[in-house]
Amino acid sequence: TCKFDEQAAPIKALIQGFDDFFGKWTSGGGGGGSADQDSDMMESFCQICRSLLSTIDKEGLNQLREIIPNIGKILPQVATSEAKAHIVNDQGTSSIDKVGSATKRRMHLFHVLFKSLCSAGRPVLIVHDDIHWGDSVEGLKDFIANYVNIPCALQKGARHHGLMIVGTFRSNEVNDEVIETVNSIEKSAHVTKVAIGELAQTDIGKLLSATLCLPLRYTQELADLVHTKTRGNPFFIIQFLKTIIQNQMLQYSVSHRRWMWDCDVIDMQMISDGVAELLTTRFNQLPLHLMKTVIIASCFGSQVEDSTIDLMEPFNMQGALQLAIREGIMEKAGPIYQFTHDLIRQAVYESVPVNERKAFHKTIGMVLLASAADDSATHLLAVEQINFYCQDVSILCPEECAQFAGINATAAKFAIAASSFEQARSYIDAGMRLLKPNHWDEQYSLSLELHQMSASISCINGDIGDMSSCLHEIIAHVKSFEDSLTASSLLSKLLAASSKYDEAMSNILSILSALGEKFPEDITLPHVLNELSVIQTTCANISVEQVKRLLPMKDKPKLNAMKFLSMLCSYSIQAKPMLVPILSCRMVRITIEYGFCDDSIVGLVTAGFSLVGTN
């Protein structure tokens, strides 16, 4: 089940849905039925895991583990430290760093994940609840489109299993994009639309008659009054009846042995223009500690995990949450507390004045931040709360701006590590808004870090305009050659993505020259053959075992040189093929002398290809 929320990005609902599913199996169970049923379910789940391991590569598994933590618990061979080392380098940029490479990358991972679910031999039901809150409808559309296409892909296989998607939304709040998404899905899948309308007076009469155990003629007048007050809205009806019971306007009479009420009293005292007003009136009658607890819970959205409540120890929420459950305000499903209806959460949240609401967000964020340590999920949750407080920068003092800009930079690194690039972009933008006007002088390191991550995210997402302006900002303010290398690398990728290979290569060659790796301007065939002959002789004297025993490269300038040489190899293939053997030979020499690094693979493979070509 993926429950969309007013405060959270749509992708978070999808992630939470998958994480909850895998979380049911972390203790080794999840069937919830008889022993035979649990055994069958476990076999199905093992099939899902086998399908995942056979379908996706190690990097993909690492990224899935970062996005969906419970996958890491199910598949322990996906190591946290290795994942982080593989995905994020020392500049905090992703290994998926080609221009536009992130487009649909994460959706592809979800597609693979869901295809594995479909391979388990059981019908699959996906519920998208409250999709009217899904602002990024394009992402939702792509995700559902992947679902729709899976059965077609599976038809060629040995088995084809059922798939059902249920999407719910309030028709009076849904935007045109959601409607267009539903209409587009109709073109490739069978779609059934079910409209849940208002209850008629006769329906309310039957409801009251069955609930109060009275004949219809006894409840007709009350049914007419309830319909007038609620306009037949089912949720409004339930809340209205709870309120009049709470106010003792509808109560059970022991002497008459039936429910009693006075329609005139109800009509005079209950004057409400809608559900929100009715709920607000009801909430104002709650005990102060309970009211504060549900307000804090509402700051997290429609639901909050038990583990998060445990971190909110200063507020002592556990007891009050049990009372909220008894009051029908919240309910608990497994480890998650959630409001019984999003309108209840909305009414609670909006019952607090805006300034007080922001103060709640800040307090919650600071409590979570104190408990976060190195836990990325808690840190991100804390930053999201703090950023609600930071929406109006004018109310912040300089110390707060500096502190919150720093924690947003850290949050962006965590999000990039999890391939949550949209989320990372929001943290980067928030951090940059909090920088001082003269931040390049007073906050140089933080400014450089945020701008480098911003340019990297723009590169990954293919936002050429944003990437270009950010890179020029960095290059105009860097204080050293070393600080300019990340921006220069991204600038070369930007030029290559625009098919300006000559400019990209010229930029890289100038950087390599500064790093001590110079190349002649004119490359001749005899020069190439001589280089290949030398490297062939060198490699002939080195065994495979010796290559395997090479130590990791530690020299920082050489590591940077190898990165730029690797880039130059790929661009030279397009623009200057004669340069490729020279570059690969240089990379092999550096590897033999200084040790092995990731880019050494490019040098070895390209050198081998060049040697084969000459023979």
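So, how was this worked out
Residues numbered from 1 in each chain as written. Predicted model: local features only at pLDDT ≥ 70, side-chain atom pairs only at ≥ 80, totals over all residues. Heavy atoms only, no water. Helix = DSSP H or I, 4+ residues; strand = E, 2+ residues; numbered from the N terminus. Expected span 1.5 Å × (residues − 1). Buried < 20%, exposed > 50% of the residue type's maximum accessible area, 1.4 Å probe, protein only. Salt bridge = Lys/Arg side-chain N within 4 Å of Asp/Glu carboxyl O. Pairing = 2+ DSSP bridges. Contact = heavy atoms within 4.5 Å. Axes fitted to C-alpha atoms, helices over the stretch in contact; angles between N-to-C directions.

Enquirer: Which residues make up helix 21 (residues 421-433), and what values go with them?
Expert: Between its terminal C-alpha atoms helix 21 stretches 18 Å, which fits the 18 Å expected from 13 residues at 1.5 Å a residue. Buried within helix 21 we find Phe421, Gln423, Ala424, Arg425, Tyr427, Ile428, Ala430 and Gly431.

Enquirer: How would you summarise the pattern of salt bridges if you had to cite specific residues and measurements?
Expert: Counted according to the given criterion, the structure contains nine salt bridges. A salt bridge links Lys413 to Glu449; the shortest N-O distance between them is 2.4 Å. Taken together, the positions of Lys413 in helix 20 (residues 398-417) and Glu449 in helix 23 (residues 444-461) put the pair 36 residues apart, joining distant regions of the chain. Overall, the relative accessible area of 21% leaves Glu449 in the partly exposed class. Taken together, the shared-partner salt bridges connect Glu517, Lys558 and Arg586 into one network.

Enquirer: Residue-level account of the pairing of strand 8 (residues 336-339), with values.
Expert: The two faces of strand 8 match: Ile336 and Gln338 on one face and Tyr337 and Phe339 on the other face are all buried. Bridging between strand 6 (residues 303-305) and strand 8 involves three bridges; their strand directions are antiparallel. Across the sheet, Gln303 pairs through a bridge with Gln338, a residue of strand 8. The turn linking strand 7 (residues 330-333) back onto strand 8 is made up of two residues, and Gly334 within it adopts a positive phi angle of 65°.

Enquirer: Requested: an account of the side chain of Thr606, with residues and values cited.
Expert: Tracing the chain through its elements places Thr606 in helix 31 (residues 600-614). The residues touching Thr606, leaving out its near neighbours within four places in the chain, are Val580 and Ser584.

Enquirer: So what's going on with unusual backbone geometry? Which residues, and what values?
Expert: Most peptide bonds are trans, and most residues other than glycine sit at a negative phi. Notably, Cys213 is not glycine yet its phi reads approximately 60°, a positive angle. The residue Cys213 is located in the loop between helix 9 (201-212) and helix 10 (216-230) in this model. On the basis of relative accessibility, which here comes to 68%, the residue Cys213 falls in the exposed class.

Enquirer: Quick one: what's the story with the sheet that holds strand 6, residue by residue and with numbers?
Expert: Ordered by their spatial adjacency, three strands build an open sheet running 6-8-7, and the pairing between neighbours is antiparallel. Since the sheet does not close on itself, it has two edges, and those belong to strand 6 and strand 7, each with one partner. Taken over all neighbouring pairs, the strand axes of this sheet differ in orientation by 25° on average, direction set aside. Docked against the sheet, helix 16 (residues 318-326) engages strand 7 and strand 8, running at close to 105° with respect to strand 7.

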